[in-house]
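Residue-level listing of the chains:
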Amino acid sequence: MVVSQTPLRLSFVGGGTDFASFYGTHKGQVISATIDKYIYVIVKKRFDDLIVLHYTENEIVENVADIKHDIIKAALQHVGIQKGIEIITLADITAKGSGLGSSSVLTVGLLNALYHFQGLQVSSEQIAKEACIIEIEMLQKPIGKQDQYIAAYGGIKKIEFNPDESVSITSLPFSDSDKNKLQSAIILHNTSVMRKAESVLEEQSSNIAHKIQELKTIAGLVDELETAFANKQFEVLGDLLAINWENKKKLASAVSNEHINQMVEVALANGATGCKIAGAGGGGF
């Protein structure tokens, strides 16, 4: 039996520049961090040839092609497992529609577990690449690459997306004390809003050609935040989040709504210096 534990993530600044239609011709980059809330995948060999799945639903099938869960189906096809396996997925929070990268986190954790189940050791880079293949190429999801890479590598990272499809990962130099200071300055609030990211990201993706200036502004915030973190100026994060959020709302009509806008206004009125809407979550780095 194999158990994988993969962290959910916060995207600080740069989100939206990880789409190929942007980073193919412009500088795509993000700063993201994983948190101490996880998605767990349990994989075990069965005594028969059935495929048994337990998530929010239960499935018992004889063939991979009959699986309803699209990510599990695609992952099994990708690694070449055809039968005799049981898969259980669990999450520390209600992961679906939380805005914490849960679909990509599941894909990364599932691939990791399936490869270990086969007795194979694979790198974080390979896991991230193959998670992108499954979600973007096989399943045709209108998403970017940041979630797969931050889930596979963990920690606090600057991630750069290059025109040749390579991805550069930089670990930001945070001591335990630095992490504690940054964490103490952040509140991750449950908005009680759950939604499918694909519906928002599909519109966002189709708008990229018309939102280049906003995306350039968002990408530029990454360099500013990296410098601020290097100088231990953690208070700058709030101001950059506010700029990021105002530009992010322009990328698609469903990025925000009246309920979320009111929550942001109340937070700012009560002394918050910046807001980043993630849907739900909690914990620290």
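The structure reproduced in this document is the subject of the present report. Since we're looking at a predicted model, the values are computed, not measured.

## Some points on the pairing of strand E2 (residues 28-45)
Across 10 bridges, the pairing between strand E1 (residues 2-13) and E2 is antiparallel. Counterpart to Ser11 in the pairing with E2 is Ser32. Pairing of E2 with strand E6 (residues 156-161) involves 6 bridges; the strand directions are antiparallel. Bridge assignment links Ile31 to a residue of E6, and that residue is Lys158. Sheet topology places E2 next to strand E5 (residues 85-91); 7 bridges connect them, and they run antiparallel. Of the residues in E5, the one forming a bridge with Tyr40 is Leu90.

## A few points about the packing of helix H3 (residues 102-117) against helix H5 (residues 146-153)
If you want to describe how two helices pack, look at the angle between their axes and the distance between the axes. Two elements in contact, H3 and H5, have axes separated by 8 Å at closest approach and are oriented at 50°. When the interaxial angle is binned, H3 and H5 end up oblique. The two elements H3 and H5 cross, and the hand of that crossing is right-handed. For the pair H3 and H5, contact is made by Ser104, Val105 and Val108 and by Asp147, Gln148, Ala151 and Ala152, respectively. Partitioned by chemical class, the residues of the contact of H3 with H5 number 4 nonpolar, 2 polar and 1 charged.

Reading guide: rules and limits
- Residues numbered from 1 in each chain as written.
- Predicted model: local features only at pLDDT ≥ 70, side-chain atom pairs only at ≥ 80, totals over all residues.
- Heavy atoms only, no water.
- Pairing = 2+ DSSP bridges.
- Helix = DSSP H or I, 4+ residues; strand = E, 2+ residues; numbered from the N terminus.
- Axes fitted to C-alpha atoms, helices over the stretch in contact; angles between N-to-C directions.
- Parallel < 35°, antiparallel > 145°, perpendicular 65-115°, else oblique.
- Left-handed = near helix turned anticlockwise from the far one by under 90°.
- Contact = heavy atoms within 4.5 Å.
- Nonpolar A, V, L, I, M, F, W, Y, C, P; charged D, E, K, R; others polar.

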